[in-house]
Amino acid sequence: MKHQVNILAVTEDTHETRVLVTEKPEGFDFSPGQATNVALAKENWKDESRPFTMTSLPTDPCLQFTIKTYPERDGVTDEMRDIQAGDQLLLEDPWGAIQYEGPGLFIAGGAGVTPFLAIFRDLHRKGQLFGNVLLYSNEKSEDAIAAGELKTMLGKDCHFFVTNEEHPQFDSRRIDRERLAQHLEQFPSPKVYLCGPPSMMEAITETLKDLGIEDDNLITEDLDS
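Computed from a predicted model, the values in this text were never measured in an experiment. (Residues numbered from 1 in each chain as written. Predicted model: local features only at pLDDT ≥ 70, side-chain atom pairs only at ≥ 80, totals over all residues. Heavy atoms only, no water.)

1. Some words on the sheet that holds strand β10 (residues 191-195)
The line we're drawing: At least two bridges found by DSSP between two strands are what make those strands a pair. Secondary structure follows DSSP: runs of H or I at least 4 residues long count as helices, runs of E at least 2 residues long count as strands, and numbering of each begins at the N terminus. A fitted line through C-alpha atoms represents every axis, and for helices the fit uses only the stretch in contact; the resulting angles, taken between N-to-C directions, go from 0 to 180 degrees. Residue contacts follow a heavy-atom distance rule, with two residues in contact if any of their heavy atoms lie within 4.5 Å.
Read from one edge to the other, the open sheet built from 5 strands follows the order β9-β8-β7-β10-β11, with strand pairing classed as parallel. Each edge of the open sheet carries a strand with a single partner, namely β9 (158-162) and β11 (218-220). Ignoring which end each strand starts from, the neighbouring axes of this sheet average 15 degrees apart. As judged from the 5 bridges shared by strand β8 (residues 133-138) and β9, these two strands associate in the parallel manner. Along β9, the bridge assignment pairs L134 with C158. The strands touched by helix α2 (residues 114-126) are β7 (104-109), β8 and β10; relative to β7, the strand with the most contacts, the crossing angle is about 140 degrees.

2. So, the nonpolar core
Where a protein is soluble and globular, its nonpolar side chains tend to be buried together. Spelled out, the test is: Residues enter a nonpolar core if they are buried and are Ala, Val, Leu, Ile, Met, Phe, Trp, Tyr or Cys, with the set joined through side-chain atoms within 4.5 Å. For each residue, the accessible area found with a 1.4 Å probe, counting protein chains only, is set against the maximum for its type, and the residue is called buried under 20%, exposed over 50%, and partly exposed in between.
Counting 25 residues, the largest nonpolar core has F116, F120, L134, Y136 and L150 as the members making the most contacts within it. Going through the elements one at a time, β7, α2, β8, α3 (147-154), β9 and β10 are the ones with two or more residues in this core. Contact partners of F116, with chain neighbours within four places excluded, come to I98, F106, I107, A108, L134, Y193, L194 and C195. In terms of nonpolar packing, the next biggest core, distinct from the first, is built from 18 residues, F28, F30, W45 and F65 among them.

Here you go:
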């Protein structure tokens with residue numbers, strides 16, 4: 001089912017990330033971490049939908065989407081760089097396998113942090129965030145979405161990585177086997193949440209399995225879906 005909604009506000013998070021607040025359709029129920037397919041309600045764009053996570057909470061009166069744009073790509077996200085309040089979106093029903101199953105290690109790359117942002121906001125509001133750790137990787141520090149909010153919520157359990165920059169406050173290494181093993185030691189029976197670019201997910205999934213993480217304890221979207 002498709003829902004047409006008005007965009008109520010547009011703000012900027014990073015230099016390439018837009019935060020859209022929209023109307024919430026009646027009966028639009030979802031769990032923190034879930035997504036929906038979104039299309040622009042414009043001529044020639046209505047059938048060009050892309051998946052985006054709701055970064056608002058289910059109890060909020062409006063929906064929020066935190067969307068990374070890609071100016072080098074001639075597509076939906078590039079078109080969203082110029083979107084304004086008063087424009088409209090087409091939303092489908094919510095879906096997604098990334099939902100909270102208990103304290104664990106969260107591993108994100110780029111815009112893959114958005115389902116975790118929704119989960120952390122929900123846990124923070126409930127006072128249940130303690131015991132979760134985030135490893136968040138980007139090419140450069142300026143690319144990190146909601147960096148200040150994540151650091152405020154998670155404190156010392158929020159670890160930023162950059163792969164294409166030297167930065168005094170970010171770890172200038174990749175999230176490799178050594179880093180994963182180090183953080184997994186904190187959990188007696190770890191749940192691992194993973195979301196990011198497919199190449200990153202494939203590499204880290206292979207390493208996690210080699211470190212003994214079983215499929216039932218790995219929460220991620222199906223790479224083949």
